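Descriptive analysis of the structure
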Amino acid sequence: MEKTCHQHRDCLRKHAEEEAATEVAQVPEVTPMLLPPAEPPRTQIIERTRHRYEDIHHLLDKRWTISAIARRLNLDRKTVRRFRDTDLDQLLTSARDRRPNGVLEPFKAYLNARFTEAQGQVSGTRLFLEIQARGYRGSRQVVRKHLAALRAGTADPTRADIPSPRKITAWIMRPRETLTESQDERLLQVRLACPDITRACDLARAFADLVRHQRGYLLVEWIRQAEQDASKPMKGFAGFLRQDFDAVTAGLTLPWSSGVVEGHVNRVKTLKRAMYGGASFELLRTRILTQP
């Protein structure tokens, strides 16, 4: 499934770009009075800034000196003074703007499409309000910097916001009822992007159903369908199943498992390594090769 998604990344990227263009075509009039205030995202740097501010001011309330606080928290004295003399909101804004690309990245395709549509004659404030209504929680300054880079022709190439093949595969192989509404929607967009991925998705889910419910009697039909109209990686997988058809059918039918045996094998390997004092694999290989 992952190989199929890798092979059709262009389909996913094209679909994502078309979706962004569709959003641009349906831009409503934005009323600033109705927009919620921007809030700093709950990123690691934001949380670290918030906790550091609380720790410093807690010690300041106890009448600790700048030097003592710096030693206690392992900080530079300039940093302590900055946190002492600066409001928390300003510190959070500064921390948020240190990594502007991560905050703005999901909205760059939309901004670029709007910029191209308007031939560069578009207000930065308007675009800020538009993406803010779509969930952007960064600062206005980050948007202005990106638009300035677009006008100067120095903006970095925009990557389409598409899920990784591994993430797509994880969504497919999980039972549908365990997916969140957002995951289910994104998987639907993936299926709409490419017929080959859609077919592979249906086959993968059907095979997962064979495994979960031990329906080995359906394996012949599954292999036939996969070899008939599936992607090349899926056809290859079906071919390997046909080579070991009897064993695979037994695994999908009988209640017994070799898991216990494999567990004992791993236990024996662990004991043998412990006999050498937890030696590295390189040392074990050397001792084996030098034995008479």
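The rules behind each value
Residues numbered from 1 in each chain as written. Predicted model: local features only at pLDDT ≥ 70, side-chain atom pairs only at ≥ 80, totals over all residues. Heavy atoms only, no water. Helix = DSSP H or I, 4+ residues; strand = E, 2+ residues; numbered from the N terminus. Buried < 20%, exposed > 50% of the residue type's maximum accessible area, 1.4 Å probe, protein only. Contact = heavy atoms within 4.5 Å. Phe/Tyr/Trp six-rings, centres within 6.5 Å; stacked < 30°, edge-to-face > 60°. pLDDT = per-residue confidence, 0-100. Salt bridge = Lys/Arg side-chain N within 4 Å of Asp/Glu carboxyl O. Axes fitted to C-alpha atoms, helices over the stretch in contact; angles between N-to-C directions. Parallel < 35°, antiparallel > 145°, perpendicular 65-115°, else oblique. Left-handed = near helix turned anticlockwise from the far one by under 90°. Nonpolar A, V, L, I, M, F, W, Y, C, P; charged D, E, K, R; others polar. Arc of directions from axis to C-beta.

1. A few points about the overall build of the chain
The helix and strand tally for the chain stands at 17 helices and zero strands. Split into buried and exposed, the 292 residues of the chain put 33% on the buried side. Relative to all contacts within the chain whose residues are 6 or more apart in sequence, the contacts with residues 24 or more apart total 63%.

2. Topic: the packing of aromatic side chains
Overall, the coordinates contain four aromatic pairs when judged by the stated rule. Taking 5.0 Å as the distance between ring centres and 55° as the angle between the ring planes, the aromatic pair formed by F207 and W222 counts as tilted. With F207 in helix α12 (residues 195–213) and W222 in helix α13 (residues 219–229), this pair connects stretches of sequence that are 15 residues apart. Grouping residues by exposure puts F207 and W222 together as buried. Judged by centre distance (6.0 Å) and plane angle (85°), the ring pair of W222 and F237 falls under edge-to-face. Here the residue W222 occupies a position in helix α13, and F237 occupies one in helix α14 (residues 232–243), the gap between them amounting to 15 residues. A residue is classified by how much of its surface remains accessible, and W222, at 5% relative accessible area, is buried. For F237, a relative accessible area of 34% translates into the label partly exposed.

3. Some thoughts on the confidence of the model for the chain
Do not read the fine detail of predicted coordinates wherever pLDDT is low. Within the chain, residue pLDDT values average 79, and 79% of them lie at 70 or more. Across residues 27–40, where pLDDT falls below 50, the model places 27 contacts with residues more than four positions away in sequence or in other chains.

4. Details of the pattern of salt bridges
Applying the stated criterion across every chain, the model contains eight salt bridges. Note that R199 and D229 form a salt bridge whose closest N and O atoms lie 3.1 Å from each other. Of this pair, R199 sits in helix α12 while D229 is found in helix α13, placing the two residues 30 residues apart along the sequence. We classify R199 as partly exposed; its relative accessible area is 23%. Residue classification places D229 among the partly exposed residues on the basis of a relative accessible area of 40%. Between R242 and E227 there is a salt bridge, with the nearest N and O atoms lying 3.1 Å from each other.

5. Points about the packing of helix α8 (residues 124–133) against helix α9 (residues 140–152)
Where α8 contacts α9, the two axes come as close as 9 Å, and the packing angle between them is 120°. Relative to α9, α8 is oriented oblique. In terms of crossing hand, the pair formed by α8 and α9 is right-handed. Here α8 contributes G124, T125, L127, F128 and I131 to the contact with α9, which in turn contributes R140, V143, R144 and L147. Of the residues that constitute the contact of α8 with α9, the class distribution is five nonpolar, two polar and two charged.

6. Overview of the packing of α12 against α13
Viewed as axis vectors pointing N to C, α12 and α13 meet at an angle of 165°, and their least axial separation amounts to 11 Å. For the element pair α12 / α13, the angle class is roughly antiparallel. Two packed elements cross with a definite hand, and for α12 against α13 that hand is left-handed. The residues of α13 that touch α12, namely those facing R199, L203, A206, F207 and L210, are L219, W222, Q225, A226 and D229. Split into classes, the residues belonging to the contact of α12 with α13 amount to seven nonpolar, one polar and two charged.

7. As for helix α10 (residues 165–173)
Buried within α10 are the following residues: P165, I168, T169, W171 and I172. One side of α10 carries all its buried residues, which in axial view fall inside an arc of 160°.

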